[in-house]
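Close look at the chain arrangement
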Amino acid sequence: MINTWHQDFKDNAIFRLEENVRMISIALSKVVEEELWTKQNQSLNTLGNQLLHICGNMTQYIVSGLGGNPDERNREEEFSTEDGFTKDELLQRLLLTVQTATTIIDDATPENLLKKRKVQGFDLSGIGIVLHAVEHFSYHTGQIAMQVKLVIDQPLGFYEGMNLNTLNEED
């Protein structure tokens, strides 16, 4: 079967979402439960707030914006929550959100990927919605990784056992 541009786009977006889940899972496995809701300073969000925010953003953009479901996001609550969820509960929420989003992305038709909509006040095509959600998730994955490294003072080993110095090859 010949891979189309839209299937290749969707496959790569889904791969990036799943990679972010993998990295966040590794990072969170390195901290104790109490670290989930601890602020290193008043300018930073807690790990818990970051996870709630990732889920809220992905739900607003992918589940609602691309998928057409109602937009019921309470963005302020993502940042004002101070406890009430364990690591496992937040990881399960993240997994469910990403599973729902990947299904919506995978089911998107080329026409749906090109259709314009207004999401969070921005005029975006379906492609723009997916790009935003992926880059936003990656941005916060990096923040979570950095916060965990500050707490544990160790590398996280995301690519342990892989040679990342391998040079590119042409097919």
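Residues numbered from 1 in each chain as written. Predicted model: local features only at pLDDT ≥ 70, side-chain atom pairs only at ≥ 80, totals over all residues. Heavy atoms only, no water.

Digging into the overall build of the protein chain
In plain terms, the rule: Each helix is a run of H or I in the DSSP string that is no shorter than four residues. Each strand is a run of E no shorter than two, and both are numbered from the N terminus. Each radius of gyration reported is based on C-alpha atoms, and the globular scaling rule is 2.2 Å times the count of residues to the power 0.38. For each residue, the accessible area found with a 1.4 Å probe, counting protein chains only, is set against the maximum for its type, and the residue is called buried under 20%, exposed over 50%, and partly exposed in between. Working rule for contacts: check all heavy atoms of both residues, and any pair within 4.5 Å makes them a contact. All accessible areas in this document rest on Shrake-Rupley with a 1.4 Å probe, and a residue is counted as covered only by the protein chains that are shown. His is not counted, nor are the chain ends, whereas Lys and Arg count as positive and Asp and Glu as negative. Charged groups are reduced to one reference atom each: NZ for lysine, CZ for arginine, CG for aspartic acid, CD for glutamic acid.
On a plain count of helices and strands, the protein chain comes out with six helices and two strands. For the protein chain, the succession of helices and strands along the chain, N to C, is α-α-α-α-α-β-β-α. Its C-alpha atoms give the protein chain a radius of gyration of 17 Å, near enough to 16 Å, the size a compact globule of 171 residues would have. Here the protein chain holds 171 residues, and the buried ones make up 43% of them. Sequence-distant contacts, at least 24 apart, represent 76% of the contacts inside the protein chain between residues at least 6 apart. Of the roughly 10,300 Å² that the protein chain leaves accessible, carbon and sulfur atoms contribute 51%. Counting 14 positive and 26 negative side-chain charges, the protein chain places the centres of these two groups 5 Å from one another.

Concerning a nonpolar patch on the surface
The condition is simple: In this scheme, patches are assembled from residues that exceed 30% relative accessible area and form no salt bridge. Like charges are connected within 9 Å, while nonpolar side chains (Val, Leu, Ile, Met, Phe, Trp, Tyr) are connected within 5 Å. Salt bridge criterion: a side-chain nitrogen from Lys or Arg within 4 Å of a carboxyl oxygen from Asp or Glu.
Where nonpolar side chains cluster on the molecular surface, the patch consists of Tyr159, Met162 and Leu164 and spans about 310 Å² of accessible area. Along the chain, leucine 164 falls in the segment after helix 6 (126-152).

Description of a negative patch on the surface
A contiguous patch of negative charge on the surface is contributed by Asp8, Asp11, Asp106 and Asp107. Going through the elements one at a time, helix 1 (5-29) and helix 4 (87-107) are the ones with two or more residues in the negative patch. By relative accessible area, which is 36% here, aspartate 106 ends up partly exposed.

Focus: the environment of valine 134
Inspection of the secondary structure puts valine 134 in helix 6. For valine 134, a relative accessible area of 13% translates into the label buried. With residues up to four places along the chain from it excluded, the contact list for valine 134 reads Ala13, Arg16, Leu17 and Asn20.

A few points about the nonpolar core
Considering soluble globular proteins, one finds that nonpolar side chains tend to be buried as a cluster. For clarity, the cut-off: Here, nonpolar core means buried Ala, Val, Leu, Ile, Met, Phe, Trp, Tyr and Cys residues that are tied together by side-chain atoms lying within 4.5 Å of each other.
Counting residues in hydrophobic clusters, the biggest one holds 44 residues, and the most contacted among them are Ile24, Ile62, Leu94 and Phe137. Taken together, the elements giving at least two residues each to this core come down to helix 1, helix 2 (47-66), helix 4 and helix 6. Excluding residues that lie within four positions of it along the chain, isoleucine 24 makes contacts with Leu51, Ile54, Leu91, Leu94, Phe137, Thr141 and Ile144.

Observations concerning the packing of aromatic side chains
To be explicit about the condition: Between rings of Phe, Tyr and Trp, where Trp is taken as its six-membered ring, a pair exists when centres lie within 6.5 Å; planes separated by under 30 degrees are stacked, by over 60 edge-to-face, and by other angles tilted. Any Lys NZ or Arg CZ that is within 6 Å of a ring centre and within 35 degrees of that ring's normal is treated as a charge sitting over the ring.
One pass over the structure, following the stated rule, counts zero aromatic pairs. One cation-aromatic arrangement involves arginine 22 over tyrosine 159; the distance from NZ or CZ to the ring centre is 5.2 Å.

Quick notes on helix 2
Just so we agree on the cut-off: Here, expected helix span is obtained from the residue count minus one, scaled by 1.5 Å.
Between its first and last C-alpha, helix 2 extends 27 Å over 20 residues, near the 28 Å set by a 1.5 Å rise per residue. Within helix 2, 19 of the 20 residues are buried, which leaves the element mostly enclosed by the surrounding structure. Looking one or two places after helix 2, you find glycine 68, whose phi comes out positive at around 80°.

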